[in-house]
Amino acid sequence: SDILADWFAQDALEVVDMGRRGRGIRATRDISASELLILERPRRSCSARPDSLEAVHSLDLATRSIEDCTQTKLKAQLTAEIREDALLASIVASLYDGSGATPPVVPLEAMIDRSSARVLPLLRQHPDFFPPSERVHVERARVSRVVDLNGHGRRPASDSLHTRSTELYPAISLFNHATQPNCKLVVVADAGRTVAIAVVSVRNVSAGEELTVSYGASEAEVQRKWAFPS
């Protein structure tokens with residue numbers, strides 16, 4: 001069934017400057033193991049059918065990285081939509097893009113979408129009706145970097161190479177990586193379709209401790225892509 005709105009534990013989480021690690025999420029109270037901290041629907045997503053002939057769109061030999069067709073589609077979708085959706089543009093602009101510029105410390109509630117899935121299409125913020133002081137221009141190259149560094153890919157079990165969907169979760173993107181994280185990402189699915197991702201603590205966490213997840217990549221790839229201490 002559809003999840004009507006995103007949710008997070010307001011009394012437990014805050015976005016803070018973690019120094020060399022950039023932004024991060026910190027516990028504001030003691031957290032118990034197996035506690036649900038965030039439930040977030042994909043803000044935007046693109047997918048390809050398992051039987052589709054679409055596969056790799058481009059190969060970067062310098063970094064030995066592959067861009068799947070769903071990544072390419074999501075980049076094009078976001079680039080087109082942010083021209084008409086100032087709220088989406090402001091969210092994309094606040095995500096880490098690997099340019100070396102320090103992203104702003106934004107309230108977690110600014111990244112969470114609490115609108116019902118049934119009314120969300122009616123609430124897009126056209127730039128003409130968005131506060132002028134909050135309007136931002138996001139270049140196509142920046143959108144591409146944001147998707148590369150913040151997109152969540154889903155692969156079928158029989159295929160370890162090609163992604164079948166790429167999704168963007170702005171709030172969950174604020175969590176930093178750790179080799180021994182104190183939280184995990186749990187996919188919430190319905191009839192094989194990802195409807196949300198939950199962040200759940202895997203152990204007791206003390207107030208003031210950073211909350212972390214695994215990015216699901218090797219440590220070498222983490223250092224190459226995100227370039228912060230693990």
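Attention here is on the structure that accompanies the text. (Residues numbered from 1 in each chain as written. Predicted model: local features only at pLDDT ≥ 70, side-chain atom pairs only at ≥ 80, totals over all residues. Heavy atoms only, no water.)

1. A look at the pairing of strand S11 (residues 183-190)
If a strand is regular, its side chains alternate between the two faces of the sheet.
Consideration 1: Pairing of S11 with strand S12 (residues 193-201), which is carried by eight bridges, proceeds in the antiparallel orientation. Note that in S12 the partner of Asp190 across the bridge is Arg193.
Consideration 2: The antiparallel pairing of S11 with S12 creates a hairpin that spans two residues between the two strands, and Ala191 there sits at a positive phi of about 55°. (Pairing = 2+ DSSP bridges. Helix = DSSP H or I, 4+ residues; strand = E, 2+ residues; numbered from the N terminus.)

2. Description of the environment of Met111
Consideration 1: Tracing the backbone shows Met111 in the loop between helix H2 (86-93) and helix H3 (140-150).
Consideration 2: For Met111 and Leu95, which are 16 residues apart along the polypeptide, the C-alpha to C-alpha distance reads 9.7 Å.

3. A closer look at the nonpolar core
Consideration 1: Ranked by internal contacts, the top residues of the largest apolar core, which has 40 residues, are Leu13, Ile38, Leu108 and Leu211.
Consideration 2: Elements supplying a minimum of two residues to this core: strand S2 (13-17), strand S3 (23-27), strand S4 (36-40), helix H1 (69-81), H2, H3, S12 and strand S13 (210-213).
Consideration 3: The leading source of residues in this core is H2, at five residues.
Consideration 4: Among residues more than four places away in sequence, those in contact with Leu108 are Phe8, Leu13, Val15, Ile25, Ile38, Ala171 and Leu174. (Core = buried A, V, L, I, M, F, W, Y, C linked by side-chain atoms within 4.5 Å. Buried < 20%, exposed > 50% of the residue type's maximum accessible area, 1.4 Å probe, protein only. Contact = heavy atoms within 4.5 Å.)

4. Quick word on the side chain of Asn150
Consideration 1: Along the polypeptide, Asn150 turns up in helix H3.
Consideration 2: By relative accessible area, Asn150 is classed as buried at 6%.
Consideration 3: Within the structure, the side chain of Asn150 is placed 2.8 Å from the backbone oxygen of Tyr96, a separation counted as a polar contact.
Consideration 4: Setting aside chain neighbours within four positions, we find Asn150 in contact with Leu95, Tyr96, Glu167, Leu168 and Ser173. (Polar contact = N/O pair within 3.5 Å; in protein donor to acceptor, adjacent residues only side chain to side chain.)

5. Points about the packing of H1 against H3
Consideration 1: As a packed pair, H1 and H3 sit with axes 9 Å apart at the nearest point and diverge in direction by 135°. Between H1 and H3, the interaxial angle falls into the category oblique. Between H1 and H3 lies a crossing of right-handed hand. The residues of H3 that touch H1, namely those facing Gln71, Leu74, Lys75, Leu78 and Thr79, are Arg140, Val143, Ser144, Val147 and Asp148.
Consideration 2: When grouped by side-chain class, the residues that make up the contact of H1 with H3 number four nonpolar, three polar and three charged. (Axes fitted to C-alpha atoms, helices over the stretch in contact; angles between N-to-C directions. Parallel < 35°, antiparallel > 145°, perpendicular 65-115°, else oblique. Left-handed = near helix turned anticlockwise from the far one by under 90°. Nonpolar A, V, L, I, M, F, W, Y, C, P; charged D, E, K, R; others polar.)

6. A short note on the pattern of salt bridges
Opposite charge on two side chains allows them to pair when their charged atoms are near.
Consideration 1: This model, assessed by the stated rule, comprises 11 salt bridges.
Consideration 2: The residue Arg21 makes a salt bridge to Glu210 at a minimum N-O spacing of 3.2 Å. Placement of the pair is Arg21 in the loop between S2 and S3 and Glu210 in strand S13, with a sequence separation of 189 residues.
Consideration 3: In this structure, Glu81 and Arg44 form a salt bridge, with 2.5 Å as the shortest nitrogen-oxygen distance. Here Glu81, found in helix H1, pairs with Arg44, found in strand S5 (residues 44-47); they are 37 residues apart in sequence, far enough to count as distant.
Consideration 4: Its relative accessible area of 16% is what places Glu81 among the buried residues.
Consideration 5: Since its relative accessible area comes to 11%, Arg44 is described here as buried.
Consideration 6: Within the structure, one salt-bridge network assembled from shared partners comprises Asp11, Arg29 and Glu35. (Salt bridge = Lys/Arg side-chain N within 4 Å of Asp/Glu carboxyl O.)

7. Here we look at the sheet that holds S12
Consideration 1: On the basis of which strands lie adjacent, the open sheet formed by four strands has the order S1-S4-S12-S11 and antiparallel pairing. Looking at the sheet topology across the chains shown, the edges are occupied by strand S1 (7-8) and S11.

8. Observations regarding the environment of Ala110
Consideration 1: The residue Ala110 is located in the loop between H2 and H3 in this model.
Consideration 2: Given the relative accessible area of 41%, Ala110 is considered partly exposed.

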